[in-house]
Amino acid sequence: MWNVIRAQIYQLLRDKLAWGGFLISMVMSVVLSIFYADEYTSGSEYVAGMGMMTCMMGMIAVLIFVASVTGVDFTDKTLNYEILSGHTRAQVFFGRWIVAELAGIFACMTVMLAPVIVITFTKGWGDAMDLEGVVLRYSLVIVTLVSIVSQLVFVTIVTKNMYVTFLVGFVFGYAQAMLGMVVEMIPELTPVVESPMLSVNHCCTNLLNFEEWTTFFLNEKDQIVYNSAVSSELVIMTIATAVIGTIILVLLSYTYFKNDDLS
C-alpha cells in the first residue's frame, strides 16, 4: 500500500487542478482578511468575526483536493493497471483514502488558519476570546473534516467522476450553509440545523460562529468578549458523529469499490 500512497502523493504534487483550486481558495481567504483588516485589532477578533467565512473557503479547497485524489485515476484506467500489477483492491482504495484525508485536511486548515496566523503574528492574539477554546474548536473541525473527506470519497467512488463530486459537494455544502437563513424563518428546524450530521454547517456555523458575547466598559471604551468555550456535550456529539459516520462511509465505499468492475 505504501507504493500506492507514494504514487498518489507524487501525482497530487503535480496536479494543476488541485493546486489551482487551493490557490483560489487561499487568495479568497487572504483577500477577505485584507479587506476587513482594519476592523479587527487582534487575531482573536479576526477568528470571531471571520472564522465562519474562512471555513467556507477551506471547504472549497478540501472538495477539490479530495475529488482530484480519488477521481482522476478513473478516467485513464490507472486503477486497473495497479490491480493487474499485483496490488489488492484494499491497497488501492485505502492508499487513496489516506492521501485524500491528509491532503484534504491540510488544504482546508491551511486556508482557514493562514490569515489567523498572520494577523496574530502582526497584531497579537488579543483578549477577545480565550485561545484554549478556539484551539479546541479548530480541533473539532479537524475531526469533522475526517468525515467530510470520507463523504466526498464515497461520492467519487460511486460516480467515478471527480467533476460530479465537485458539483455534488458544492450543492450540498451550499445547501447546508443556506439552512442558517431558513431556520430564522422556521425555528422548528433549529435541532436539524445544529446537528453534527450536517458536517459542513457544523464546522462553519456551530463550531466557528461565535455568537455569544458580552459588552462592558474598559477604560471608557466598549469591548466585546466572545465565548469560545465548548460544552462537553458538543465535544462528545462531534467526535461520536464523525467517528461513526467515517466508519460507515469507509465501509460502504470500500465494499462498493471491492465489488465494482471499474469499467
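Calculation criteria
- Residues numbered from 1 in each chain as written.
- Predicted model: local features only at pLDDT ≥ 70, side-chain atom pairs only at ≥ 80, totals over all residues.
- Heavy atoms only, no water.
- Helix = DSSP H or I, 4+ residues; strand = E, 2+ residues; numbered from the N terminus.
- Rg over C-alpha atoms; globule rule 2.2 N^0.38 Å.
- Buried < 20%, exposed > 50% of the residue type's maximum accessible area, 1.4 Å probe, protein only.
- Contact = heavy atoms within 4.5 Å.
- Areas by Shrake-Rupley, 256 points an atom, 1.4 Å probe, with all protein chains shown as cover.
- Axes fitted to C-alpha atoms, helices over the stretch in contact; angles between N-to-C directions.
- Parallel < 35°, antiparallel > 145°, perpendicular 65-115°, else oblique.
- Left-handed = near helix turned anticlockwise from the far one by under 90°.
- Patch = residues over 30% accessible without salt bridge, like charges linked within 9 Å, V, L, I, M, F, W, Y side chains within 5 Å.
- Salt bridge = Lys/Arg side-chain N within 4 Å of Asp/Glu carboxyl O.
- Disulfide = S-S within 2.5 Å.
- pLDDT = per-residue confidence, 0-100.

### Remarks on the overall build of the protein
Tallying secondary structure elements over the protein gives 10 helices and 2 strands in all. Secondary structure elements of the protein, listed N to C terminal, follow the sequence α-α-α-α-α-α-α-α-α-β-β-α. Whereas a compact globule of 263 residues would reach a radius of gyration of roughly 18 Å, the protein reaches 20 Å, a difference of no more than 12%. The buried share of the protein, reckoned over its 263 residues, is 44%. Long-range pairs, those at least 24 residues apart, make up 81% of the contacts in the protein with a sequence separation of at least 6. Counting every atom, the protein has about 13,700 Å² of accessible surface; 70% of that belongs to carbon and sulfur.

### Comments concerning the packing of helix α2 (residues 16-35) against helix α5 (residues 89-123)
Taken N-terminus to C-terminus, the directions of α2 and α5 make an angle of 25°; their axes are 10 Å apart at the nearest point. As far as their axial angle goes, α5 and α2 are roughly parallel. In the crossing of α2 with α5, the sense of the turn from one axis to the other is right-handed. Residues W19, F22, S25, M26, S29 and S33 of α2 pack against F106, A107, T110, V111, A114, P115 and I119 of α5.

### Some words on the packing of α5 against helix α6 (residues 131-159)
Following both chains from N to C, one finds α5 and α6 inclined at 135°, their axes separated by 9 Å at the closest point. Considering the angle they form, α5 stands oblique to α6. The two elements α5 and α6 meet at a crossing, and its hand is right-handed. Residue-level contacts link F93, W97, A100, E101, I105, C108, M109, M112, L113 and V116 of α5 to Y138, V141, I142, L145, V146, V149, S150, V153 and I157 of α6.

### Here's the deal with the environment of M50
One can find M50 in helix α3 (residues 43-71). Considered as a pair, M50 and N209 are 159 residues apart in the sequence and their alpha carbons are 8.5 Å apart. Excluding anything up to four places from it in sequence, M50 contacts L32, Y36 and Y40.

### Topic: the environment of L249
In this structure, L249 sits in helix α10 (residues 232-259). With a relative accessible area of 15%, L249 lands in the buried category. In this structure, the C-alpha to C-alpha distance between L249 and S147, residues 102 residues apart in sequence, is 8.1 Å. If sequence neighbours within four positions are ignored, L249 has contacts with S147, S150, Q151 and F154.

### Some points on a nonpolar patch on the surface
Side chains of L167, F170, V171, F172 and Y174 sit close together on the surface and give an oily, nonpolar patch of about 570 Å² of accessible area. Within the secondary structure layout, F172 lies in helix α7 (residues 162-185).

### Considering the state of the cysteines
This model, assessed by the stated rule, comprises 1 disulfide. At a sulfur-sulfur separation of 2.4 Å, the disulfide partner of C55 is C204. Here the disulfide of C55 and C204 is left-handed, its torsion about the S-S bond being about -75°. With a gap of 149 residues between them, C55 in helix α3 and C204 in helix α9 (residues 199-207) connect regions that are remote in the sequence. C108 takes part in no disulfide bond, and the closest cysteine sulfur to it belongs to C55, at a distance of 5.9 Å. Residue classification places C108 among the buried positions, given a relative accessible area of 0%.

### Side note on the confidence of the model for the protein
On average, residues of the protein score 86 in pLDDT, and 90% of them are at 70 or above. When mean pLDDT is compared element by element in the protein, α6 scores highest at 95, while strand β1 (residues 213-218) scores lowest at 57.

### Observations concerning the pattern of salt bridges
In total, this model carries 2 salt bridges according to the counting rule given. Among the ionic pairs, D73 bridges to R96, the shortest N-O distance being 2.6 Å. Of this pair, D73 sits in the loop between α3 and α4 (78-84) while R96 sits in helix α5; the two residues are 23 residues apart in sequence, bridging distant segments of the chain.

### Focus: the side chain of H202
On the secondary structure map, H202 appears in helix α9. Judged by its relative accessible area of 0%, H202 is buried. Those residues in contact with H202, other than ones at most four positions away along the chain, are T144, E194, S195, P196, L207, L234 and T238.

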